Structure formats: C-alpha cells, structure tokens
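Structural overview for review
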Amino acid sequence: MTISQIRRRVNALMRKFAPELAIIRLRRLAQAVSNDWDPDQPPEPHDVIQRVAKAGFRLSTFMRLRRYLDDTIRQGDVPEPERIVLDLLPWVSGDRYRNFLRWDLPAPTR
C-alpha cells in the first residue's frame, strides 16, 4: 500500500467521522476555556468566540454561545464545557452523540 493510498483512507475516515471529531475537538477547546476562566476577570465573549473561530470552526451558532457567556459573566460563574459544546453544536443533544460529552478525553497532542 502506498503513502497516497493510506492518505486517501485516512481522509475518508476523517470525513466519515467528521461529526465525532468536531465534538471531540470542540470539547477540548471548551474545557480549555473553562479552565482558563477567572470569574473575577472573565474574558470578553468575543475573545472566546475568536478562539473557537481560530481553531477552525465556522459556525452559525456563535450568538447562542455569546448569550450563554454573557449570562455566565453576569452570574459570576465559570462556563461548563458541555454547555459550550451544546450551544455551538445543537445537534449534539441527541442520544447518539451524548457519550462524547461524558468521556474523559486525553490532553491535546499539540
């Protein structure tokens, strides 16, 4: 098997599991946002949205995340990673993808 054949197979698998990979990548990012959150000096919601966009996500649900972050700042809480993912990817709330939000994920390799 040549390198190009392996690459084609990997790309096919990435397309096949694109929703799952998006959930896992976004959950890692949401966990990092939650870990970096300081309730006394919270970041601007726009900065969090920029962080998500720089990670390669182009979504039409950024306004939902903004509302959630505004409410979180107003209450003085720390945002929940699961809620961040659900606001950005509303189709995840179905039973099929629910377990991806509950698993412990390894740290990113970058």
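Up top is the structure.
As the structure is a computational prediction, the values presented were derived from the model and not from experiment. (Residues numbered from 1 in each chain as written. Predicted model: local features only at pLDDT ≥ 70, side-chain atom pairs only at ≥ 80, totals over all residues. Heavy atoms only, no water.)

**A few points about the side chain of Asp87**
With respect to the element layout, Asp87 can be found in helix α5 (residues 81-88). On the accessibility criterion, Asp87 (5% relative accessible area) is buried. What Asp87 contacts, discounting residues up to four positions off in sequence, is Thr61, Arg64, Leu65 and Tyr68. (Helix = DSSP H or I, 4+ residues; strand = E, 2+ residues; numbered from the N terminus. Buried < 20%, exposed > 50% of the residue type's maximum accessible area, 1.4 Å probe, protein only. Contact = heavy atoms within 4.5 Å.)

**Side note on the packing of helix α2 (residues 18-36) against α5**
Closest axis-to-axis distance for the α2/α5 pair is 8 Å, and the angle between their directions is 130 degrees. The orientation of α2 with respect to α5, classified from their angle, is oblique. α5 is crossed by α2, and the crossing has right-handed handedness. Residue-level inspection shows Leu26, Arg27, Ala30, Gln31, Val33 and Ser34 of α2 in contact with α5, the latter providing Pro81, Ile84, Val85 and Leu88. Of the residues contributing to the contact of α2 with α5, the split by class is seven nonpolar, two polar and one charged. (Axes fitted to C-alpha atoms, helices over the stretch in contact; angles between N-to-C directions. Parallel < 35°, antiparallel > 145°, perpendicular 65-115°, else oblique. Left-handed = near helix turned anticlockwise from the far one by under 90°. Nonpolar A, V, L, I, M, F, W, Y, C, P; charged D, E, K, R; others polar.)

**Considerations on the pattern of salt bridges**
Under the defined criterion, the tally for this structure stands at four salt bridges. Residue Arg74 pairs with Asp71 through a salt bridge whose shortest N-O separation is 2.8 Å. Note that Arg74 and Asp71 are positioned in helix α4 (residues 62-75) at a spacing of three residues, about one turn of the helix. Under the relative-accessibility criterion, Arg74 is labelled exposed at 64%. With a closest N to O distance of 3.4 Å, Asp87 and Arg83 form a salt bridge. One end of the pair, Asp87, and the other, Arg83, are both in helix α5, four residues apart, so they sit about a helical turn from each other. (Salt bridge = Lys/Arg side-chain N within 4 Å of Asp/Glu carboxyl O.)

**Focus: the environment of Arg28**
Relative to the helices and strands, Arg28 resides in helix α2. Separated by 57 residues in the primary sequence, Arg28 and Val85 place their C-alpha atoms 9.6 Å from one another.

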